[in-house]
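Analysis of the macromolecular model
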Amino acid sequence: MRTKPKADCNGRKFVKVFTILEKHGHKPSRLVPILQAVQEEYRYLPKEVLTYVATALDISPARVYGVATFYSHFAIEPKGKHIVRLCDGTACHVKDSIPILDAIRKRLKLEGKKTTTDDMLFTVETVACLGACGLAPVVVVNDRVHGQVTPEAGVKLVEEIIAREQS
Amino acid sequence: MSATAAVKTLTIDGLEVPINGERNLLELVRKAGIDLPTFCYHSDLSVYGACRLCLVDIAGRGIQGACSTPPEPGLKIRTQTEEIREIRKISVELLLANHERECTTCGKSAACQLQDVARKLGIQKVRFKPVHEPAPVDRSSLSLVRDPNKCVLCGDCVRFCSEIQGIGAIDFAYRGHDAAVLPAFGKDLGEGECINCGQCAAVCPTGALTPRQEIEEVWKALHDPTKTVVVQVAPAVRIAIGELFGMPPGESMRGQMVAALKRLGFDRVYDTSFSADLTVIEEANEFLGRKTKGGKLPLFTSCCPGWVKFAEQYFPELLPNLSTCKSPQQMLGALCKELLPTELGIEKKDLVVVSIMPCTAKKFEAKRPEFVKDGIAEVDHVLTTQELARMIEEAGLRFTKLAPESFDMPMGFKTGAGVIFGNSGGVSEAVLRYASEKVTGKKLVNPDIQAVRGEDGLRIVEIPVGEITLKLGIVHGLKNARTLAEKVRRGKCDLDLIEVMACPGGCIGGAGQPVSRDTDIRKLRTKGLYDVDKNMELHKSQENHFVTECYQKHLGEIGGKHAHRLLHTHYHNRRRMIGEDIALGDGPAADKVQVKVCTGTNCFVKGSQHILHNLLDQVQQKELQDKVDIRASFCFENCDHGPTVSVDGSKIHWCSPEAAQSAINQKLKDK
Ligand code: SF4
Ligand code: SF4
Ligand code: FES
Ligand code: FES
């Protein structure tokens with residue numbers, strides 16, 4: 001028999017959007033909390049869902065897009081299953097965080113402006129200071145903080161995940 | 001006692017200036033005859049206060065933005081200090097550093113405020129390095145070109161589109177270094193809600209938004225010996241084109257303009273006012289017919305293509321209220337393509353119709369599929385007033401020195417009614433001049449109907465006509481149109497006729513007109529058109545004997561079969577955005593019933609969310625995930641029959657959850 005979690009899941013998520021909109025009384029003034037709640041459901045803000053939100057709140061889609069792109073917290077593109085964040089705050093930068101970033105991106109074949117791998121397994125981002133400067137340079141993989149990382153160690157973190165995914 | 005004792009004043013550069021209800025110091029400074037540079041200020045729009053060019057030094061307070069400081073009595077203001085000059089220079093240099101400075105090839109060259117300010121400040125070198133990578137130019141729109149590399153982020157366009165047009169097709173996106181003005185989801189302008197009015201380009205201080213040009217195509221046709229090229233000119237063009245040749249706004253340059261067109265090589269020069277007279281007759285009869293036979297009222301005018309697209313997108317249920325009359329541009333185009341080939345002994349494919357319009361939306365209108373039959377368009381190319389002026393310059397003609405010539409007959413003949421079409425209120429007045437004679441059977445002695453004239457964006461007037469009183473709404477700016485249309489939708493509107501023009505002041509304020517920062521310009525152009533009417537022999541469309549003859553020879557009865565084929569059109573529901581469906585299952589498959597529920601604006605308002613919710617629940621309860629694929633869709637362009645649901649491609653109109661379910665069950669049984 002075919003499994004059908006995905007089907008259930010998409011439908012449920014969308015029904016959740018209805019609930020979110022209702023909970024916020026369809027108020028345009030509550031756009032930011034609404035977007036936040038939608039992102040929690042989808043892990044990013046799909047364009048089509050944003051169009052739906054714009055329709056439901058009776059504001060122009062361009063305005064919703066503007067707000068969604070203003071906050072760096074919101075993601076317009078889908079993110080990978082595993083999120084790798086590199087700190088590029090002053091402390092980490094001084095301790096050479098960029099070569100780690102380059103090494104990981106190279107290992108994952110991320111070129112140009114791309115931050116997510118084609119197989120949707122990884123998203124690699126930089127963030128400004130994670131508040132762990134004592135451990136600089138810092139890499140966070142799925143919310144787990146790794147300190148004093150070298151480029152080689154960074155690549156190894158990623159490879160471990162790949163190995164786990166393939167087994 | 002002198003009355004001036006009560007007048008409050010402040011001092012600007014040593015001059016004492018009275019305060020007279022001005023909203024901010026900038027207005028006052030400009031009134032005092034000092035032209036402070038600005039990028040982000042427009043008198044019709046809200047104050048943004050971001051460009052920091054309008055700086056003034058206020059004694060005791062320091063340097064402030066004039067546009068966002070209210071006037072107070074006693075203030076001592078200086079507009080030029082060493083410090084202000086330095087700050088201004090830095091601001092402009094920073095803008096220039098990230099601006100694609102290809103002025104020689106820019107559509108806005110010579111009308112660009114950035115160029116102007118840089119020249120005035122004497123900037124000779126840009127000390128800063130660019131921080132932006134070049135972005136692609138958006139040429140998707142039929143009316144406009146959007147070049148993000150020239151945007152200074154003043155936001156004038158954004159505010160116009162949302163505050164005056166009530167649309168919001170473009171908005172700020174991202175921030176800091178990445179900030180940009182974009183259509184929704186970074187899509188192209190041609191894909192979205194934009195109704196092509198071009199007003200964003202009219203207020204844009206730079207070349208970031210400009211009207212799309214068709215000059216090359218027109219030159220090509222003119223230089224092609226196998227083509228016969230005829231041209232029509234809209235009324236608003238003649239009283240504005242002079243501005244580009246040093247003439248005062250509102251001055252009619254009709255004779256020189258016709259002469260120039262003939263020198264450029266057009267074989268016939270016609271007047272769109274001729275077909276405006278036709279429009280008046282067709283539309284007035286449509287109106288009186290509805291009024292006396294109890295048809296759909298209010299009747300909305302349909303000559304503004306920006307408004308038509310707006311209505312198609314947002315008011316599908318009101319489309320039956322739109323006059324079925326084509327716009328004057330399309331009427332004249334249709335007549336040319338119908339009559340001229342025989343008259344001139346040429347093939348239809350060798351006839352090219354060009355129109356000169358004050359409007360960018362007319363470019364879009366000419367390309368509507370309704371107006372293109374078997375690959376032949378009624379109007380082939382649309383040029384703006386600006387583009388015509390450019391062609392005249394390119395041809396080296398000394399415009400103001402040309403000996404005046406006259407339009408070609410018969411389609412160059414018009415009455416004053418066809419001329420005032422270019423003003424807000426003009427269509428209403430023209431229709432009233434016709435309707436009143438038709439209803440009362442008596443001659444209208446004074447054709448001027450002052451009550452419908454005016455500057456306000458939303459005017460309601462009552463005009464007695466014989467026994468009855470007609471109630472009219474006249475609007476310009478689509479936000480105002482929305483206000484009235486909402487009322488009609490809710491059944492709360494007792495108007496008979498609503499005239500809508502998208503642009504401020506009507507066509508005279510179109511985005512194809514010369515760019516100007518003079519706030520009086522609209523008034524002067526409006527007056528210009530009324531003056532042309534005043535100086536004419538005839539003022540009522542029914543007095544146009546060439547129009548009468550046209551009915552006798554070609555069109556037959558007013559509103560009859562032939563007239564309908566050539567002069568009337570129809571409208572369709574139009575989606576706001578080109579977008580993809582939202583998949584709510586794991587995708588379609590050949591053996592699945594494919595269900596799409598419309599969640600476009602109109603269906604949403606009519607409760608499609610409820611249907612969708614219900615179907616999703618059903619699928620889950622009955623475990624039909626493998627048999628039914630449900631999607632949320634954006635507008636099937638069937639909005640007036642909404643909510644719309646499609647089941648395996650067949651549409652259910654006025655759908656309910658029950659209707660959708662039973663259609664799905666039927667399909668499941670069939671499979
Ligand atoms: S052309 Fe008009 S509708 Fe389109 S973006 Fe500009 S102002 Fe808005
Ligand atoms: S496109 Fe023009 S009007 Fe709009 S923000 Fe950029 S410079 Fe200003
Ligand atoms: S015009 Fe005042 S800040 Fe831009
Ligand atoms: S909103 Fe257009 S068909 Fe549903």
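**A word on the overall build of chain A**
The helix and strand inventory of chain A stands at 7 helices and 4 strands. Along chain A, helices (α) and strands (β) appear in the sequence α-α-α-α-β-α-α-β-β-β-α when read from the amino end. Split into buried and exposed, the 167 residues of chain A put 49% on the buried side. The long-range share in chain A, meaning contacts at least 24 apart out of those at least 6 apart in sequence, stands at 63%. In chain A, which carries 25 positive and 19 negative side-chain charges, the distance between the mean positions of the two groups comes to 4 Å.

**A few points about the sheet that holds strand 18 (residues 468–476) of chain B**
Residue and element names in this part refer to chain B. Ordered by their spatial adjacency, 4 strands build an open sheet running 12-19-18-17, and the pairing between neighbours is mixed. Each having just a single partner strand, strand 12 (299–300) and strand 17 (458–465) make up the two edges of the open sheet. Both strand 17 and strand 18 contribute to a ladder of 8 bridges, which runs antiparallel. For Ile460, the partnering residue across the bridge sits in strand 18 and is Gly473.

**Observations concerning the site of ligand 2**
Around ligand 2, the surrounding shell holds 13 residues, and the nearest of these are Cys151, Cys154, Gly155, Cys157 and Cys204 of chain B. Tallied by class, residues from the shell around ligand 2 come to 10 nonpolar, 2 polar and 1 charged.

**Regarding the domain arrangement of chain A**
Bring the parts together and some accessible area is lost; that lost area is often taken as the interface size. Parsing chain A into structural domains produces domain 1 (9–70) and domain 2 (82–166). Placing a centre on the C-alpha atoms of domain 1 of chain A and another on those of domain 2 of chain A gives a separation of 30 Å.

**Some points on the interface of chain A and chain B**
Facing the 32 residues of chain A at the interface are 41 residues of chain B. Here chain A packs against chain B, burying approximately 3300 Å² in sum over the two surfaces, 60% of which is carbon and sulfur. At the surface where chain A touches chain B, the tally comes to 1 salt bridge. With its nearest N and O atoms 2.3 Å apart, the salt bridge here joins Asp171 of chain B to Arg63 of chain A. In this structure, the connection of chain A to chain B is made through 7 residue pairs in polar contact (both at pLDDT 80 or more). Among the secondary structure elements, those contributing two or more residues to the side of chain A that touches chain B are helix 1 (5–23), helix 3 (47–57) and helix 4 (61–70) of chain A. Here the side of chain A that touches chain B gets 10 residues from one element, more than from any other, and that element is helix 1 of chain A. Split by residue class, the side of chain A that touches chain B holds 13 nonpolar, 9 polar and 10 charged.

**Observations concerning the nonpolar core**
Burial of nonpolar side chains together is a common tendency in soluble globular proteins. Ile241, Leu261, Phe266, Leu278, Leu335, Ile392 and Phe399 of chain B are the most contacted members of the largest nonpolar core, which totals 87 residues. Looking at which element gives the most residues to this core, the answer is helix 9 (residues 272–293) of chain B, with 8 residues. In this structure, Ile241 of chain B is in contact with Met253, Thr385, Leu388, Ala389, Ile392 and Phe399 of chain B, ignoring residues within four places of it in sequence. One finds Leu31, Ile34 and Val64 of chain A together with Leu612 of chain B within the second-largest nonpolar core, a separate group that totals 55 residues.

**Notes on unusual backbone geometry**
Residue and element names in this part refer to chain B. Residue Pro298 follows Leu297 across a cis peptide bond; omega there is -5°. With respect to the helices and strands, Pro298 occurs in the loop between helix 9 and strand 12. The omega angle of the peptide bond from Met409 to Pro410 is 0°, so this bond is cis rather than trans. Within the chain, Asn196 stands out as a residue other than glycine whose phi angle is a positive 70°. Asn196 sits in the buried class, given a relative accessible area of 5%.

Quick notes on the rules
Residues numbered from 1 in each chain as written. Chains lettered and ligands numbered in written order. Predicted model: local features only at pLDDT ≥ 70, side-chain atom pairs only at ≥ 80, totals over all residues. Heavy atoms only, no water. Helix = DSSP H or I, 4+ residues; strand = E, 2+ residues; numbered from the N terminus. Buried < 20%, exposed > 50% of the residue type's maximum accessible area, 1.4 Å probe, protein only. Contact = heavy atoms within 4.5 Å. Lys, Arg positive; Asp, Glu negative; His and termini not counted. Charge placed at Lys NZ, Arg CZ, Asp CG, Glu CD. Pairing = 2+ DSSP bridges. Near = heavy atom within 4 Å. Nonpolar A, V, L, I, M, F, W, Y, C, P; charged D, E, K, R; others polar. Domains from an automatic or database assignment. Buried area = accessible area lost by both parts, 1.4 Å probe. Salt bridge = Lys/Arg side-chain N within 4 Å of Asp/Glu carboxyl O. Polar contact = N/O pair within 3.5 Å; in protein donor to acceptor, adjacent residues only side chain to side chain. Core = buried A, V, L, I, M, F, W, Y, C linked by side-chain atoms within 4.5 Å.

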